[in-house]
Each structure stands twice: as C-alpha cells, then as structure tokens.
Amino acid sequence: MSSLLHEVSIGNVTLKSNLFLAPLAGYTDKVFRSICLKHGAALAYTEMVSSEGVARDSAKTVVLMERGEGEDNLAVQLFMPDADTARRSLEGVMAYKPAIIDINCGCPVPKVVKTGAGSALLQNPKTIREIVSTIVRNVDVPVTVKIRTGWDTNSINYLETAELVFDAGASALCMHARTRSQLYMPTAHWELLADLKKHFHENVIIGSGDLFCAEDGVRMLEQTGVDAIAYARGAIGNPFIFEQTRALLEGNVPRPVSVDEKREAIMIHLRGLVDFMGETTACREMRKHVCAYLKGIPNSAKVRQAVTTALTVQEYEGALSQLK
Ligand SMILES: Cc1cc2nc3c(=O)[nH]c(=O)nc-3n(C[C@H](O)[C@H](O)[C@H](O)COP(=O)(O)O)c2cc1C
C-alpha cells in the first residue's frame, strides 16, 4: 500500500482501507452499500436515520438500519436534536448491532434543521458534546460525528466543535468542507480540512466534499492529510470509484469501465433492490441510479427515457439492451 492508502482504526474497529462511502439520504440503502463494499469501500454509512423514529419503532425508519450482504461493519448514522432523543433511540439502534454510530450535524434540509437536528446543531456545539457523551456512556461501539465547517461564513466553528466532540469521546470526525449556507456549492474548502487535521493530528479525521472522481480522492488525501475520505455524489452511479482510487494510490492506471460492465452493475443493483423492496418499487427507486450510471455514455438518452417508465426487470433489460 502507498503511504496514502492504509488501514484506519475507529475505536476498536479496524477498517481495511481509508476509502469510505459517505451517508447519502435516498441512496445508501443496504443494496448500494453492499455494492460499494464489493467494489472496495472499506466502510459505508447508512443514510441518516431519525433517532425519534427509532425510539418510536417506526418500521419505515428501522428498515434503514438493516445490514447489507457482506457488510461486516455496519455504520449507522443518526440524527436527533438533543441527547435525550439520542438516549431513547439507543436500545432500538443497538438491536441492529452497528459497529459504529455516527451523528449527523450537517444536514441542511429545512425539515430537519427546524427540529434542531442536523446542521442546526452547529449553532450549539455544546449540545453536540452532550449527544456524543450520552451515546459513548451508553453503548460499547465507537461514536463518530459528521459536521460542516460551520453554519455560515460568519460562524465557522469546526475547531471548537471538534474540540468538544473529541473531548466527549468521539472516535473520529468527518467534515464536509462547506458551511450549512453553502449547501452543496460552490467549491468545498479543502484548506479547512487541512487545518482541522493539523489541529487534531492525533485524531481520526475523515474528509468530505467535491470528491467526484478517483483523482479527486487522491488529491484530497495528498493536500489535506486527512486519514480517510468519504465519497458521496461521486459514488452515485459509480461504485467503481473505490477500486479506481485504490489503483491510483497503488501507482496503477485505473481500468476503464466498459458499457457492458455498467449494464451488469445496473442489473445487479436493480435485482438487489427487487429482493429488498419488491419489483415495482425497486424499478422506480432505480431510475435515479440508472441516470447516474449512464452519465457519459454516448447516445444513452433513449435508455434513460425508457427507464423513466419501466416497472419490471424485463423492461429494464429491454431498455439497457439498446446500450452500445
Ligand atoms: C443526495 C444527498 C444526500 C445526502 N445525505 C446525507 C445524509 O444522510 N447524511 C449526511 O451526513 N450527509 C449527507 N449528504 C452529504 C454527503 O454525505 C457529503 O458530505 C456531501 O455530498 C459532500 O460530498 P460531495 O461534494 O463529494 O458530494 C448527502 C448529500 C447528497 C448529495
């Protein structure tokens, strides 16, 4: 392994590399997580799971914590407004035997923020500390936290938040290098990731933001010194990104992905979703993934169009057979 590609230990969990799949609401279900793990991700986070929903044992919520095939280290990401909500959810969360519990302090969506959860917590880092210490006290798995750099450019507070989070016993911190106000644009501030790692060089820091291809991942590792990187939008429709990054880090040229391989990957993904949620729902759910898989394939517009109405696996096969 090159010095940039290495194992990472998060508490008592040792991961075979430092290439992770970030939590992505609406995408990182157990099927996609398993696919990314097969393609070389060392850890894959669930999408954010409502602690309140778990505490109430909502079926729609708890299903998000089901373990995927080959998923040895389940990393469950929770969102909650306060420590009490976190505490009430722990029995339900631990029933799914996660290897890691992550706390979402970065979601910018108004529906979440107005409850005091997600990135709203950045405005009150002491609440983040209470949440972390409550979970650390009550479970025996490592707790990690995902933040943004701050609420807005006038309130950048990642160093203060990191201090509190590690003080409370967190085993790693992931930072999406944007403020809440910046949402997903413009460019992520990787220099702030470098600064965070410089200040917390003994702690595990995971970088997120603008990792759209394997080269981006390598550059982030080189330029910021973070211990691990978490692919997000760059992995959607491209689970190959993990093996491509590994190849680059090992000094090899990544193997190009053929159209046939993409077609096969789409069908494996679709069949996995069919087993998980039934054919019609899976076919609907798969549409957004297919559009991402087909990005960059010339003349794929017709296929994209066809899958927008496909409701059976057979219709998908028919549409994809048009791919050259
Ligand atoms: C569709 C979508 C869903 C996301 N869902 C979550 C989530 O559930 N939890 C979380 O912490 N971050 C979530 N994120 C943020 C990503 O994990 C990541 O930090 C962000 O997209 C920056 O990385 P990128 O610029 O490489 O995409 C989401 C992002 C997107 C685009």
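Scope of this entry: the structure provided in the associated data block. (Residues numbered from 1 in each chain as written. Predicted model: local features only at pLDDT ≥ 70, side-chain atom pairs only at ≥ 80, totals over all residues.)

**Examining the overall build of the chain**
Now for step 1: Helix and strand counts for the chain come out as 14 helices and eleven strands.
Now for step 2: Against the globule reference of 20 Å for 324 residues, the chain gives a C-alpha radius of gyration of 19 Å, in line with a compact fold.
Now for step 3: Principal-axis analysis of the C-alpha atoms gives the chain an extent of 55 × 45 × 35 Å.
Now for step 4: Within the chain, the fraction of its 324 residues that count as buried is 48%. (Helix = DSSP H or I, 4+ residues; strand = E, 2+ residues; numbered from the N terminus. Rg over C-alpha atoms; globule rule 2.2 N^0.38 Å. Buried ≥ 20, exposed ≤ 12 C-beta atoms within 10 Å, placed from the backbone.)

**A short note on the nonpolar core**
Now for step 1: Core analysis: the biggest nonpolar cluster contains 99 residues, and Phe 20 and Ile 229 have the highest contact counts within it.
Now for step 2: It is helix H12 (residues 279-294) that contributes the most residues to this core, six residues altogether.
Now for step 3: Two domains each put at least three residues into this core: domain 1 (8-249) and domain 2 (259-320).
Now for step 4: Apart from residues no more than four positions distant in its own chain, Ile 229 is found in contact with Asn 18, Leu 19, Phe 20, Ile 206, Gly 207, Leu 211, Gly 217, Met 220 and Leu 221. (Core = buried A, V, L, I, M, F, W, Y, C linked by C-beta atoms within 7 Å. Domains from an automatic or database assignment. Contact = placed C-beta atoms within 7 Å.)

**Points about H12**
Now for step 1: Between the first and last C-alpha of H12 there are 21 Å, a value that for 16 residues agrees with the 22 Å anticipated at 1.5 Å per step.
Now for step 2: A bend of about 40° at Arg 287 is the largest found in H12.
Now for step 3: Of the positions making up H12, those classed as buried are Ala 282, Cys 283, Met 286, His 289, Val 290, Tyr 293 and Leu 294.
Now for step 4: Where H12 is buried, its residues meet helix H11 (259-277), helix H13 (301-307) and helix H14 (313-320).
Now for step 5: Directly after H12, the chain includes Gly 296, whose backbone phi takes a positive value near 90°. (Expected span 1.5 Å × (residues − 1). Bend = angle between axes of the 7 residues up to and from the residue.)

**A closer look at the site of the ligand**
Now for step 1: If you check the shell around the ligand, you find 22 residues, and the closest are Ala 22, Pro 23, Met 48, Ala 232 and Arg 233.
Now for step 2: When its residues are assigned to classes, the shell around the ligand shows ten nonpolar, eight polar and four charged. (Near = placed C-beta within 6 Å. Nonpolar A, V, L, I, M, F, W, Y, C, P; charged D, E, K, R; others polar.)

**Concerning the pairing of strand S10 (residues 204-208)**
Now for step 1: Summarising burial for S10: five of the five residues are buried, a large majority.
Now for step 2: Neither face of S10 is exposed, since Val 204, Ile 206 and Ser 208 on one face and Ile 205 and Gly 207 on the opposite face are all buried.
Now for step 3: In terms of handedness, the path from strand S9 (residues 172-179) via helix H8 (residues 190-199) over to S10 forms a crossover that is right-handed.
Now for step 4: As paired strands, S10 and strand S11 (residues 228-231) are joined by two bridges and run parallel to one another. Counted as the bridge partner of Gly 207 is Ile 229 from S11.
Now for step 5: After leaving S10, the chain enters helix H9 (residues 214-224) and then returns to the sheet as S11, a path that is right-handed. (Right-handed = clockwise from strand over helix to strand, strands pointing away. Pairing = 2+ DSSP bridges.)

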